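# Breakdown of the fold
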Amino acid sequence: MMSDNVISINGIKHDTESMTDQQKYLVNQIRDLQTRAGALRFQLDQVQVAQDAFTKALIESVEAVDEAAEN
């Protein structure tokens, strides 16, 4: 779990202000990746809903043609 200045690693809280530059860099990389992962999950949700809508539309269209052909 991470907050602005304190992060928890293996249950131990660490103040990022007292970290080395490399450690701060790694913290920033992790935070950026967490943000990007959240954005990608959001986009994937949108894609899945759109895919479901297109699939439903195709099924309804095919079923309508099949029903018309039966009559």
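Think of each chain on its own: its residues are numbered from 1, step by step along the sequence as written. Whole-chain, interface and lining totals are the exception, using all residues; otherwise, since this is a predicted model, local features are given only for residues with pLDDT of at least 70 and side-chain atom pairs are given and counted only at 80 or more. By convention in this description, side-chain values take in all heavy atoms of the structure and omit both hydrogens and water.

### Quick look at the overall build of the protein
The helix and strand tally for the protein stands at 1 helix and 2 strands. Beginning at the N terminus, the succession of helices and strands in the protein can be written as β-β-α. We take the radius of gyration over the C-alpha atoms and set the globule estimate at 2.2 Å times the residue count to the 0.38 power. The C-alpha radius of gyration computed for the protein amounts to 24 Å, which surpasses the reference 11 Å derived for 71 residues by more than 25%, pointing to a less compact arrangement than a globule. Overall size of the protein, expressed as C-alpha extent along the three principal axes, is 80 × 20 × 15 Å. Numbering goes from the N terminus for both helices and strands, where a helix is a DSSP run of H or I of at least four residues and a strand is a run of E of at least two.

### Observations regarding the pattern of salt bridges
The salt bridge definition used is simple: a Lys or Arg side-chain nitrogen within 4 Å of an Asp or Glu carboxyl oxygen. One pass over the structure, following the stated rule, counts 2 salt bridges. The salt bridge involving D32 is made with R36; its shortest N-O contact spans 3.7 Å. Of this pair, D32 and R36 both sit in helix α1 (residues 21-70), 4 residues apart, roughly one helical turn. Among the salt bridges present, the one from K56 reaches E60, with a minimum N-O distance of 3.9 Å. Of the two residues, K56 and E60 are both situated in helix α1; the distance of 4 residues between them amounts to about one turn of the helix. Judged by its relative accessible area of 52%, K56 is exposed. Exposure is judged per residue with a 1.4 Å probe applied to protein chains only, and the accessible area is read against the type maximum: over 50% gives exposed, under 20% gives buried, and values in between give partly exposed.

### Thoughts on the pairing of strand β2 (residues 12-15)
Two faces make up the sheet, and in a regular strand the side chains alternate between them. Only strands joined by at least two bridges in the DSSP assignment are considered to pair. Pairing analysis gives 4 bridges linking strand β1 (residues 6-9) to β2, with the strands arranged antiparallel. Opposite I7, over in β2, you have H14 as the bridge partner. From the end of β1 to the start of β2, which pair antiparallel, there are 2 residues, and N10 there has a positive phi angle of about 55°.

### A short note on unusual backbone geometry
We note that N10 has phi near 55°; this positive angle belongs to a residue other than glycine. With respect to the secondary-structure elements, N10 resides in the loop between β1 and β2.

### As for the environment of G11
Structurally, G11 is set in the loop between β1 and β2. Accessibility expressed as a relative area gives 67% for G11, which makes it exposed. Considering only alpha carbons, one finds G11 and A69, 58 residues apart in sequence, at a separation of 66 Å.

### Observations concerning the confidence of the model for the protein
Per-residue confidence for the protein gives a mean pLDDT of 94; residues scoring 70 or more make up 96%. As a per-residue measure, pLDDT reflects the predictor's confidence and takes values from 0 up to 100. The secondary-structure element of the protein with the lowest mean pLDDT is β1, recorded at 95, while α1 shows the highest, at 97.

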